[in-house]
Structure formats: structure tokens, C-alpha cells
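Notes for the structure review
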Amino acid sequence: MAKILYEVKQNHNTASRGYSKWYGRAKALESINTRKLASHIADHGSIYTSDVVFGVLEKFRSCLVEMLLNSKRVKIDGLGTFYCSIESSGCNTKEKYSVTEHIRGLHIRFLPEQATEMDLSSRQFLKRAEFINVDQLKPDPEAEPEPEP
């Protein structure tokens with residue numbers, strides 16, 4: 001089963017309705033770059049070397065951005081769909097709406113696939129995960145250090 005590390009943090013934002021409450025937050029051990037992901041894929045019995053896999057992933061990245069910037073959604077079967085969304089402020093009239101004045105951001109979004117045996121929806125993802133509090137992994141500062149062999 002997958003192991004998701006989490007930590008419990010207190011909300012210190014006084015403007016938030018959740019002020020002073022405690023929330024679980026996912027904690028990553030490391031970030032895997034494209035080269036490491038390519039090596040990992042190649043290590044799973046792929047007939048392709050990590051350099052070939054890396055090339056395909058890099059081409060995928062550049063083509064994904066190209067397609068998104070051409071107003072296309074990109075569906076990767078078994079994984080999900082990438083698409084763009086616009087962060088925009090409101091305008092009182094359609095005629096006065098200006099891209100430069102009202103568009104504040106362009107975001108890449110991802111919607112996980114749900115219609116496969118590898119359902120990546122939040123509910124199914126949650127069922128497949130085991131959670132480990134990072135505090136359980138930290139050594140006790142009060143404990144005596146183990147002697148070196």
C-alpha cells in the first residue's frame with residue numbers, strides 16, 4: 001500500500017475561519033525530476049533505456065504546453081486530463097472587459113481519470129493510501145543516541 005507522509009500544522013491566519021485549528025498537510029520526501037522519473041520507468045522492465053524515456057517525457061512536456069496554449073484539452077488515457085483555466089477579475093460590462101486589465105492568471109489544471117481500474121479520483125486515491133505522521137519518523141530529542149558500532 002502507498003505511504004503518504006503528513007504533518008499536522010496549526011492555522012495562524014487570523015483572517016481565516018479555520019484560525020487556530022489544526023490541519024493535516026501532505027509532506028513530500030523529495031521532488032523527482034524528469035530524469036529520475038525516466039530512470040524509474042526504465043527500471044520497471046521497460047525495453048527502453050532511461051535516455052529514451054527521458055526524451056519522450058521531455059517531448060510530452062513541450063507538446064502538452066503547446067496544445068494547452070492552443071486552447072486544447074489533453075487527455076492521457078488512464079491518467080487524466082490537463083486543461084487551462086483563467087483567473088479573472090470582474091468587469092461591469094462586456095464591452096469594457098480587457099485581457100490586460102482583467103486577466104490575472106492562466107493556470108494549468110489536472111482532472112484525474114475516474115473511469116478505469118486505476119481510478120485516480122480523490123475518493124479512490126484516499127482508499128489506496130496509508131498515512132504516516134512525520135512526527136513518528138523524527139527521532140525523540142530526549143532519547144539517548146544509539147552507540148556507534
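Just above sits the structure.
An account of the accompanying structure is given in this report. Everything numeric in this text was worked out from a predicted model, so none of it was measured. Position numbers for residues start from 1 in each chain and track the written sequence from start to end. Local features in this predicted model are restricted to residues whose pLDDT is 70 or higher, and side-chain atom pairs enter the listing and the counts only when it is 80 or higher, whereas totals over whole chains, interfaces and linings include all residues. Side-chain descriptors were evaluated using all non-hydrogen atoms of the structure, hydrogens and water having been removed beforehand.

**With respect to the packing of helix α1 (residues 34–43) against helix α2 (residues 50–68)**
Where we set the bar: A fitted line through C-alpha atoms serves as each axis, taken over the contacting stretch for helices, and the angle formed by two N-to-C directions is quoted from 0 to 180°. A run of H or I in DSSP counts as a helix once it spans at least four residues, and a run of E counts as a strand once it spans at least two, with each numbered from the N terminus. The labels follow the angle: roughly parallel below 35 degrees, roughly antiparallel above 145, roughly perpendicular from 65 to 115, and oblique for the rest. What makes a crossing left-handed is the near helix being turned counterclockwise from the far one by less than a right angle; a clockwise turn instead makes it right-handed. Should any heavy atoms of two residues lie within 4.5 Å, those residues are considered in contact.
Here α1 crosses α2 at 125°, and the two axes come no closer than 8 Å. With respect to each other, α1 and α2 are oriented oblique. Here α1 runs over α2; the crossing is right-handed. Here α1 contributes Thr34, Arg35, Leu37, Ala38, Ser39, Ile41 and Ala42 to the contact with α2, which in turn contributes Ser50, Asp51, Val53, Phe54, Leu57 and Glu58.

**A short note on the sheet that holds strand β3 (residues 74–76)**
Basically, it comes down to this: One bridge is not enough; two strands pair if DSSP finds at least two bridges between them.
If you walk across this open sheet you meet the 3 strands as β3-β4-β5, and the pairing is antiparallel. Bordering the open sheet on either side are β3 and β5 (103–112), each of which pairs with just one other strand. Looking at each pair of strands side by side, their axes are set apart by 25° on average, direction ignored. This element, α2, spans β3, β4 (80–88) and β5 of the sheet and lies at about 50° to β4.

**Description of the pattern of salt bridges**
When the charged atoms of two side chains with opposite charge come close together, those side chains can pair. Put simply, the rule is: For this analysis, a salt bridge means a side-chain nitrogen from Lys or Arg found within 4 Å of a carboxyl oxygen belonging to Asp or Glu. For every residue, the accessible area obtained with a 1.4 Å probe (protein chains only) is divided by the maximum for its type, and the residue is called buried under 20%, exposed over 50%, and partly exposed between those limits.
Under the counting rule described, the total for this entry stands at 3 salt bridges. Here Glu7 makes a salt bridge to Lys27, at a shortest N to O gap of 3.9 Å. Residue Glu7 is found in strand β1 (residues 2–10), and its partner Lys27 is found in the loop between β2 (22–26) and α1; the two are separated by 20 residues along the sequence. Owing to a relative accessible area of 15%, Glu7 belongs among the buried residues under this scheme. For Lys27, a relative accessible area of 39% corresponds to the partly exposed category. Note that Asp51 and Arg35 form a salt bridge whose closest N and O atoms lie 3.2 Å from each other. Here Asp51 is found in helix α2, whereas its partner Arg35 is found in helix α1, with 16 residues between them in sequence. Of the residues examined, Arg35 reaches a relative accessible area of 39% and is grouped as partly exposed.

**Comments concerning a nonpolar patch on the surface**
Put simply, the rule reads: Patches in this entry comprise residues that are over 30% relatively accessible and not in a salt bridge; like charges within 9 Å are linked, as are nonpolar side chains (Val, Leu, Ile, Met, Phe, Trp, Tyr) within 5 Å. Note on areas: Shrake-Rupley, 1.4 Å probe, and residue coverage restricted to the protein chains presented here.
On the surface, Val65, Leu69, Ile86, Leu106 and Ile108 cluster together into a nonpolar patch covering about 500 Å² of accessible area. Note on placement: Leu106 falls in strand β5. Classification of Leu106 by relative accessible area gives exposed; the value is 53%.

**Structural notes on the environment of Phe131**
The residue Phe131 is located in strand β6 (residues 129–133) in this model. Phe131 gets classed as partly exposed once you look at its relative accessible area, which sits at 45%. Once the C-alpha coordinates of Phe131 and Ile4 are considered, the two residues, 127 residues apart in sequence, prove to be 4.8 Å apart.

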